[in-house]
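# Observations on chain architecture
In case you want the letters, here they are:
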Amino acid sequence: MTWHLLMLNVTVKDGERALLTRNGQLVRVLAPGKHRLFDPLHELKAETWFAANSLRIATRC
């Protein structure tokens, strides 16, 4: 997570998600990829989390 002028740059790796908050309130969840967000007052914060894929097991009877 880096700031460049008025922009917040966030890179989320594969297998991760980022929680984007503004003043402690959840704004959105960021998927893997590069994100540029307009943040002139530096209020945004991104926290990355490991996102485990849910595994569904189908059984036949």
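Note that residues are indexed from 1 along each chain, following the sequence as it is written. Local features are withheld for residues below a pLDDT of 70 in this predicted model, meaning they are given only at 70 or higher, and side-chain atom pairs are given and counted only at 80 or more; totals for whole chains, interfaces and linings count all residues. Values reported for side chains reflect all heavy atoms of the structure, with hydrogen atoms and water molecules removed beforehand.

Time to look at the sheet that holds strand β5 (residues 33-38). The strand order β1-β2-β5 describes an open sheet built from three strands, whose pairing is antiparallel. What marks the edges here is a single partner per strand, and that holds for β1 (2-4) and β5. Pairwise comparison of adjacent strand axes, ignoring direction, gives a mean angle of 25° for this sheet. In this sheet, strand β2 (residues 7-12) lies alongside β1 in antiparallel orientation, the contact comprising three bridges. Across the sheet, residue Thr2 finds its bridge partner in β2, namely Asn9. Should DSSP find at least two bridges between two strands, the strands are taken to pair. Runs of H or I in DSSP of at least four residues are treated as helices and runs of E of at least two as strands, each being numbered from the N terminus. Only the stretch in contact is used when fitting a helix axis, every axis being a line fitted to C-alpha atoms; angles between N-to-C directions are given from 0 to 180 degrees.

Here we come to the environment of Ala46. You can see Ala46 is positioned in strand β6 (residues 44-50). In this structure, the C-alpha to C-alpha distance between Ala46 and Arg17, residues 29 residues apart in sequence, is 9.6 Å. In what follows, a contact means two residues having at least one pair of non-hydrogen atoms within 4.5 Å. Here Ala46 is in contact with Met1, Val10, Leu19 and Leu20, once residues within four sequence places are set aside.

So, about the confidence of the model for the chain. Per-residue pLDDT for the chain has a mean of 86; in total, 85% of the residues score no lower than 70. Across the chain, each position has a pLDDT score giving the predictor's confidence in that residue, from 0 to 100. In the predicted structure, residues 54-61 sits below a pLDDT of 50 and forms zero contacts with residues beyond four places in sequence or in another chain.

What follows covers the pairing of strand β4 (residues 25-30). With five bridges connecting them, strand β3 (residues 16-22) and β4 associate as antiparallel partners. Opposite Thr21, over in β4, you have Leu26 as the bridge partner. Here β3 folds back onto β4, and the loop between the two strands holds two residues, one of which, Asn23, carries a positive phi near 55°.

With that settled, consider the sheet that holds β3. To summarise the sheet geometry, strands pair through backbone hydrogen bonds and adopt either a parallel or an antiparallel arrangement. Spatial strand order, β4-β3-β6: three strands in an open sheet with antiparallel pairing. Edge positions in the sheet fall to β4 and β6, since each has one partner strand and no second. Neighbour-to-neighbour, the strand axes of the sheet open up by a mean angle of 25°, direction not taken into account.

A contiguous nonpolar surface patch, about 400 Å² in accessible area, is contributed by Leu19, Leu26, Val29 and Trp49. Along the chain, Leu19 turns up in strand β3. Taking relative accessible area as the criterion, Leu19 reaches 30% and is therefore assigned partly exposed. The patch calculation keeps residues exceeding 30% relative accessible area without a salt bridge and links them within 9 Å when they carry like charges or within 5 Å when they are nonpolar (Val, Leu, Ile, Met, Phe, Trp, Tyr). Each accessible area is a Shrake-Rupley estimate made with a 1.4 Å probe; only the visible protein chains count as cover when residues are assessed. By salt bridge we mean one thing: a side-chain nitrogen of Lys or Arg within 4 Å of a carboxyl oxygen of Asp or Glu. Throughout this description, buried means an accessible area under 20% of the type-specific maximum (1.4 Å probe, protein chains only), exposed means over 50%, and partly exposed covers the range between.

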